[in-house]
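Descriptive analysis of the structure
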Amino acid sequence: MNTDKTYTVKGVTGDWEIVVGLEVHAQVISNAKLFSGASAAFGAEPNANVSLVDAAMPGMLPVINGECVRQAVRTGLALGAQINKWSRFDRKNYFYADLPQGYQISQFQFPIVGEGEVVVDLGEGRTKTVGIERLHLEQDAGKSLHDQHPDATYVDLNRSGVALMEIVSKPDMRSPEEAGAYVRKLRTILRYIGSCDGNMEEGSMRADVNVSVRKSGDPLGTRCEIKNVNSMRFVMQAIEYEARRQVDIIEDGGMIKQETRLFDPNKGETRSMRSKEEAHDYRYFPDPDLLPLEFDDAFMTDAKASLPELPDAKKIRFTESLGLSGYNASVLVAEKENADYFEALLAEIVKATGKGEREVAKQAANWVISDLFGHLNKSGAAISDSPVSPAGGAELLKLITDGVISGRIAKDVFEIMYETGKSAAAIVEEKGLQQVSDTGEIEALIDQIIAGNPGQVAAYRGGKDKLFGFFVGQVMKATGGKANPQVVNKLLRKKL
Amino acid sequence: MSVDKDTVRRIAHLARVQVAEEKLDALAGEMNNILDWVEQLNELDVTDVEPMTSAVETTLHWREDKVTDGNKAEDVLANAPDAEYGFFSVPKVIE
Amino acid sequence: MTDLTRLTIAGARDGLKKGDFSARELTSAHIAELEAARALNAYIVETPDQALRMADKADQRLKEGDAPGLCGIPLAIKDLFCTEGVLSTAGSHILNGFRPRYESTVTANLWRDGAVMLGKVNMDEFAMGSSNEHSHYGPVKNPWRAKGSDQDLVPGGSSGGSAASVAAHIAMGATGTDTGGSIRQPAALTGIVGMKPTYGRCSRWGVVAFASSLDHPGPFGRTVRDTAIMLGSMAGYDAKDSTSVNRPVPDYEAGLGKGVKGMKIGVPKEYRTDGMPEEIDALWQKGIDWLRDQGAEIVVVSLPHTKYALPAYYIVAPAEASSNLARYDGVRYGLREKVDGGGLDDMYEATRAAGFGDEVKRRILIGTYVLSAGYYDAYYLKAQKVRTLIANDFHSVFKKVDALLTPTAPNAAFPLGDKLDDPLAMYFNDVFTVPANLAGVPAISVPAGLTGDGLPLGLQVIGKAFDEETVFTVGQAIEDAADFTAKPEAWWRD
């Protein structure tokens, strides 16, 4: 199903369609760098995670890290993409202060992964399929610090040589929303399979955004590339700004210059990158220090076997086998840790109650999404920091199922569990929150209430049905909310 | 294919080698001599020939994903013409 | 030349083991000789203190009975090899003051086996040249002079310092690198043996790169046996070089002496070029006769694409070089030229203009051009395809013969400055050596005779990939028959 809402930029000459393609650079999760034994970890002292290879000392040579190859193949498989058992590394030649070799080792002509696709969730049940053009392995550059000295740029090579996967989409996106959703989905998949941590603040995932505009049905317009955008929100803002800018230029009779631009998050603008103004001529050629990258079917089979259930498959299972709503399933699968928590909770409930998964799934999903996520959001905590374990959650939910406490009381109990870390049963016991289902006790209370409210009783009996709620409320008040609502209802109807 | 002065200027900049304006013509001449000479390769029909990129018939050796290097900032910076606070220092770059 | 510097590596090794002299004595004798031979300009850096320390260590090992083949043997190291703590310049101003914090694999292997470093020897800048005139440290002079002449001649290149130091007996052996003939051509021009092994045999790790797919480290010696001993130490798989080949290194020295009886030796007809000097043609014929006389079968063979090797090489090598030399940018090591008020690009351009010599710049520009947009297919891709044809020529011919015999170079040593203004004439020096680099097959140059002017000439033996043993065997057969005992007069001594 494709999106039915068409996003356009309004211009004086009519509506403009935007065309967006993304090149996402995702840092591979590995201990060491792509071609050296230096650590790929973030946040070390300047030039500490640098080998002589990364600093491009004379005579130093690259040796491929097999784990990076495996991660690229796993990612390709997760994107349902063509895996190329023969690929090659090329040199991309250009000069820059943080590019020590004077070239980046990348894959130009023969990437390790070819075409694939990603189904992107646009909310309200809308989805869109975005094509993947290719995925290739390449070296990250070092880092230039321009603001430490008035006349100098400082260079730190810690990132130099860290493995990146460049994932190139087809120009399939037509709105900032689609681009944002695409990056979100890609991030979800990478995090599921553990090939990239998706941490955009630390730069382990960043996007080059290609934007052009055209009148519907026209051929593609000239595109501008916005480099290194490092959040999903900025991707969307940059596209919005850039599309507007391009429409304004064209409608003023101008031409779009194909160029590299930077997004300034403070101003919400894009601007031309001075350092990239001149025409590029990267002089790609096969890296003579390396041989072709080859692997066999067994390597691919192993890589495939190492993949967890992917988000799309999980969502289908949650809706079809567990009977969850599409919305709930989407929310639960968006982060692997959330889905894992939910599934652990489910298993605990099944173990504790002996009921089938499908019977308890809905209740568990609702509790996770509204109660647990609500609290986590409020305290800004991640699910991994949740003070309530899946087993703890299962105990609480079992108390409801068993009729020991009501759903309303359960919310109070959970609040205490979340604050104190105590178990649900202990809290219920300690505070005497057990539900009252004793018909004798409730009957006696009802008798008192009927006796004490003759006016209301008369009115109700006279046909004012709405007053039923008043009597329920009175009983609940008298029991401190602990009366079993079903029992109360039944007895009230009988007595009234 | 003949190289002119402008081409030499462009190529020299691409290679980041400063060439004095008055030397461009001479260099163009030298480059053309060499390029004219290599033109003889056009006598060969290589349409169906695979390009050779390495003289070795072996497979790529893969390293294990272990941290075996690094923590030698002093060695890395030892030969630097200009280094400060553990960084390499270059003339200011404006992005 | 003293008695000790007259020795071969094999002879010195035996003398050391017998205790006829110490490694310190052997090294001291060489230090004294090289200090008296500065007129040759063979050394960029002399390391006498380090040499003596290494010699003492070798003496210790000899005493303890732990003495590998090269224990105590003083060698010269081409300045393209990075040596820990010792200036390593590649003959270039751009590596001004560069002292690596690492040791190349090949030199580390030599030190492991007890060899002694006398110093770093001169070379054409970044190994680009065939005369050793393109060095920031000035030209090397060939120890040989024409009969009755005092004109200075080139030693060949790019490993001119290596060749001159071995020929002048100011090192017992030397390391070199051969990208298009840089070991074999200077060996031929200085009357010594130079061996380029199979690509992948000797690690390139720690060797300043010129053209990665063509660079071959290898040894110089005064005898085939000496180069076999040295290669045995230098060669071996290195996990730090992705193009290094993981296969055992045979005992090359033990394989010597088998003789060529029953071998098939190919004589490629395309190597008989127009305008080849009569003397070289005659020497080649002599070589053919020597091998036939020793029982080899001579087969005339064809390597049809030979004439395209040199032009293909002059596309591939500069292209790779233009990229390999991009790292010399004044940021992390070596020269930096500051430009007042200038930015990063100005610094790059000024540094590289000041740091590289004319030949290096010429090749960087050619290499940049042939890789640039619109020209890649016409030049680089085409040259790589031609390279396939040349490699195929060798593959098919080696189905018929065990080795090939050719001249090493199209001429003997020539006067300094003679070809400096004509790059193409200079490039033509490598016409017989370049094909083996393109194909990656092993080849040796063995001194085989003198010109009428009394200058040395070499013959080249080319073998199958990883069959260095046959190359040494055939080389030794030439060596035995040629009985090349001529030595240059020591005009260079103070």
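Residues numbered from 1 in each chain as written. Chains lettered and ligands numbered in written order. Predicted model: local features only at pLDDT ≥ 70, side-chain atom pairs only at ≥ 80, totals over all residues.

**What about the domain arrangement of chain A?**
Residues and elements named next belong to chain A. What the domain assignment lists for chain A is domain 1 (9-304), domain 2 (309-431) and domain 3 (439-495). Each of domain 1 and domain 2 has a C-alpha centre, and these two points are 38 Å apart. Contact with domain 1, which involves eight residues of that partner, is made by seven residues of domain 2. Contributing elements (two or more residues each) for the side of domain 1 that touches domain 2: strand S6 (116-123) and helix H2 (176-193). When residues of the side of domain 1 that touches domain 2 are assigned to their parent elements, the largest contribution, four residues, is made by H2. Among the residues forming the side of domain 1 that touches domain 2, the class breakdown is four nonpolar, two polar and two charged. (Domains from an automatic or database assignment. Contact = placed C-beta atoms within 7 Å. Helix = DSSP H or I, 4+ residues; strand = E, 2+ residues; numbered from the N terminus. Nonpolar A, V, L, I, M, F, W, Y, C, P; charged D, E, K, R; others polar.)

**Details of the interface of chain C and chain B**
Taken together, the contact between chain C and chain B spans 54 residues of the former and 41 residues of the latter. Secondary structure elements with two or more residues in the side of chain C that touches chain B: helix H10 (309-324), helix H11 (344-355), helix H12 (358-371), helix H13 (377-397) and helix H14 (423-427) of chain C. In terms of residue count, the dominant contributor to the side of chain C that touches chain B is H13 of chain C (ten residues). Among the residues forming the side of chain C that touches chain B, the class breakdown is 29 nonpolar, 13 polar and twelve charged.

**A word on the sheet that holds strand S2 (residues 74-78) of chain C**
Residue and element names in this part refer to chain C. Sheet architecture is open: eleven strands sit in the order S1-S3-S2-S4-S6-S5-S10-S11-S9-S7-S8, paired in mixed fashion. The outermost strands of the open sheet, each flanked by one partner alone, are strand S1 (43-46) and strand S8 (297-301). When strand polarity is set aside, the average angle formed by the axes of neighbouring strands in this sheet is 30 degrees. The strands touched by helix H16 (residues 468-482) within the sheet are strand S7 (264-268), strand S9 (403-407), strand S10 (443-450) and strand S11 (456-463), with S10 carrying the most contacts at an inclination of about 5 degrees. (Pairing = 2+ DSSP bridges. Axes fitted to C-alpha atoms, helices over the stretch in contact; angles between N-to-C directions.)

**Considering the packing of helix H7 (residues 336-353) of chain A against helix H8 (residues 357-379) of chain A**
Each packed pair of helices is defined by two parameters, the angle between the axes and the distance between the axes. Residue and element names in this part refer to chain A. One can describe the packing of H7 onto H8 by two numbers: an axis separation of 9 Å at closest approach and a directional angle of 130 degrees. Judged on the interaxial angle alone, H8 and H7 are oblique. Handedness of the H7/H8 crossing: right-handed. On H8, the residues that touch Tyr341, Phe342, Leu345, Leu346, Ile349, Val350 and Thr353 of H7 are Glu357, Val360, Ala361, Ala364, Ala365 and Val368. Residue composition of the contact of H7 with H8, by class: eleven nonpolar, one polar and one charged. (Parallel < 35°, antiparallel > 145°, perpendicular 65-115°, else oblique. Left-handed = near helix turned anticlockwise from the far one by under 90°.)

**Brief notes about helix H2 (residues 24-38) of chain B**
The periodicity of an α-helix, 3.6 residues per turn, causes residues three or four positions apart to be oriented the same way. Residue and element names in this part refer to chain B. In this model H2 runs 21 Å from its N-terminal to its C-terminal C-alpha over 15 residues, within 8% of the 21 Å that 1.5 Å per residue would give. Those residues of H2 that sit buried are Leu27, Ala28, Met31, Ile34, Leu35 and Val38. Considered in projection along H2, the buried side chains sweep an arc of 130 degrees and stay on one side of the axis. Facing away from the buried surface of H2 by more than 90 degrees, the exposed residues are Asp25, Ala26, Gly29 and Asn33. (Expected span 1.5 Å × (residues − 1). Buried ≥ 20, exposed ≤ 12 C-beta atoms within 10 Å, placed from the backbone. Arc of directions from axis to C-beta.)

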